[in-house]
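# Understanding the architecture of this molecule
What follows is each chain in one-letter form.
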Amino acid sequence: MCIRDRALAIAAKSTGIPLEDLTAAASKASSLGLPAYADGNPEGFLFPATYEFGPSATAEDVVTTMIGRFDQAASDLDLESAAAARGLDPLDVVTVASLLEGEVAPADYGKAARAIYNRLDKGMRLQLDSTVNYALGKSDLKLSAADLAVDSPYNTYKVKGLPPGPIGSPGEAALEAALNPEDGTWLYWVATDPDSLTTEFATTYEQFLVLKKKYQANAG
C-alpha cells in the first residue's frame, strides 16, 4: 500500500466515507487543486495535518481540502519560485522533502537534505532504504539482499538520481529543509541509535563505516 493509499485509508476510517470513494476522488486530483507539476499523481500532495469535516463532507471535499492544505504550505514557502531560484524542479523539492521524512528525524532534515544534494551532485546513487520500502510497500528497518535488488524506479540502490516522485506526503518543515538545506560536505548518514532517533553524518566512506559499526553495536 503506497503512502497515498494509507492516507486515504486513515481518512476513510475517521470520516466514514468509503475508501473506494476517496480513491476515486484522488484519481481526479488534477481537477481538485493538484499542482500541475504533480503530473496528476496525488502522492506527496495529501498534506499531513489535522482536519475537521462535517457529516455532509464528500470524498471530493476531503481530497480537495488535503491538497488545498499542501497548496497553502507551498504558497507560504513560495515553493515554485524558491525551487526555480535554486535550479530545482518543484516536484523534485517535494520528492526530496518526502525522503527526509522517510529517513531522519525533523532535527536532521537540513543536514540530510544537504547530503542528498551532495550525492546527486557527485552522481552517486542515493541508496536509501526508505525508497526500497516504498517500492515494496513495507517499512522494515532491515532489508534483505533480495529487497535491495528489487526492480523498481524507486530503488535508489540500483537507479541513479531521485525516485520518479514523492514516497510520502511531507510537511512544511521537510519542504523548508529541501529548499534550504544546511551547509556542509556530508555524503552519508546512519541512524546509529534508532531507539533514540540519533542520526550521525559523515563526509567520507571511512567515516560512514565507523558509524555503521556503531549502529550494528546498538542494534544488537
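Figured I'd write up the structure that's included with this text. (Residues numbered from 1 in each chain as written. Predicted model: local features only at pLDDT ≥ 70, side-chain atom pairs only at ≥ 80, totals over all residues. Heavy atoms only, no water.)

### Re the overall build of the chain
Each helix and strand in the chain was counted, giving ten helices and two strands. Scanning the chain from its N terminus toward the C terminus, one meets helices and strands in the order α-α-α-α-α-α-α-α-α-β-β-α. On C-alpha atoms alone, the chain measures out to a radius of gyration of 18 Å, which is about the 17 Å that the 2.2 N^0.38 rule sets for 220 residues. Dimensions of the chain, computed from C-alpha atoms along their principal axes, come out at roughly 60 × 40 × 30 Å. Here the chain holds 220 residues, and the buried ones make up 44% of them. Sequence-distant contacts, at least 24 apart, represent 61% of the contacts inside the chain between residues at least 6 apart. For the chain, the accessible area works out to roughly 10900 Å², and carbon and sulfur atoms hold 51% of it. Between the centroid of the 18 positive side chains of the chain and the centroid of its 30 negative side chains there is a distance of 10 Å. (Helix = DSSP H or I, 4+ residues; strand = E, 2+ residues; numbered from the N terminus. Rg over C-alpha atoms; globule rule 2.2 N^0.38 Å. Buried < 20%, exposed > 50% of the residue type's maximum accessible area, 1.4 Å probe, protein only. Contact = heavy atoms within 4.5 Å. Areas by Shrake-Rupley, 256 points an atom, 1.4 Å probe, with all protein chains shown as cover. Lys, Arg positive; Asp, Glu negative; His and termini not counted. Charge placed at Lys NZ, Arg CZ, Asp CG, Glu CD.)

### What to know about the pattern of salt bridges
Counted under the stated rule, the structure contains three salt bridges. One salt bridge connects Glu60 with Lys28, and the closest N-O pair in it is separated by 3.3 Å. Pair noted here: Glu60 is in helix α3 (residues 59-77) and Lys28 is in the loop between α2 (19-26) and α3, with a separation of 32 residues, a long-range link. Classification of Glu60 by relative accessible area gives partly exposed; the value is 30%. According to the relative accessible area criterion, Lys28 is partly exposed, its value standing at 41%. For Glu200, the salt bridge is made with Lys214, and the minimal N-O distance between the two is 2.7 Å. Placement of the pair is Glu200 in strand β2 (residues 198-202) and Lys214 in helix α10 (residues 205-219), with a sequence separation of 14 residues. Relative accessible area serves as the criterion here: at 23%, Glu200 is assigned to the partly exposed category. Here Lys214 falls in the partly exposed class, since its relative accessible area comes to 41%. (Salt bridge = Lys/Arg side-chain N within 4 Å of Asp/Glu carboxyl O.)

### A look at the pairing of strand β1 (residues 188-193)
The sheet contact formed by β1 and β2 spans four bridges and is antiparallel. Its bridge partner lying in β2, Trp189 is registered against Phe201. Between β1 and the antiparallel strand that follows it, β2, lie four residues; Leu197 among them carries a positive phi value of about 60°. (Pairing = 2+ DSSP bridges.)

### Focus on the side chain of Arg119
Tracing the chain through its elements places Arg119 in helix α6 (residues 109-121). No salt bridge forms around the buried Arg119; measuring N to O, its nearest opposite-charge neighbour Glu103 is 9.9 Å away. Apart from the residues within four sequence positions on either side, Arg119 is in contact with Met124, Arg125, Leu126, Gln127, Leu187 and Tyr188.

### Overview of the packing of aromatic side chains
For the coordinates displayed, the defined rule picks out nine aromatic pairs. Both rings, one in Phe45 and one in Phe70, keep their centres 4.7 Å apart while their planes meet at 75°; by these two values the pair is edge-to-face. Of this pair, Phe45 sits in the loop between α2 and α3 while Phe70 sits in helix α3, placing them 25 residues apart in sequence. For the residue pair Phe45 and Phe70, the accessibility class agrees, reading buried in each case. Following the ring pairs from residue to residue traces out a cluster consisting of Tyr37, Phe45 and Phe70. (Phe/Tyr/Trp six-rings, centres within 6.5 Å; stacked < 30°, edge-to-face > 60°.)

### A few points about the environment of Lys160
Its place among the elements puts Lys160 in the loop between α8 (145-148) and α9 (172-179). A residue is classified by how much of its surface remains accessible, and Lys160, at 54% relative accessible area, is exposed. Separated by 36 residues in the primary sequence, Lys160 and Met124 place their C-alpha atoms 6.8 Å from one another. Ignoring any residue separated from it by four or fewer positions in sequence, one finds Lys160 in contact with Gly123 and Arg125. A distance of 3.4 Å separates a polar atom in the side chain of Lys160 from the backbone oxygen of Gly123. (Polar contact = N/O pair within 3.5 Å; in protein donor to acceptor, adjacent residues only side chain to side chain.)

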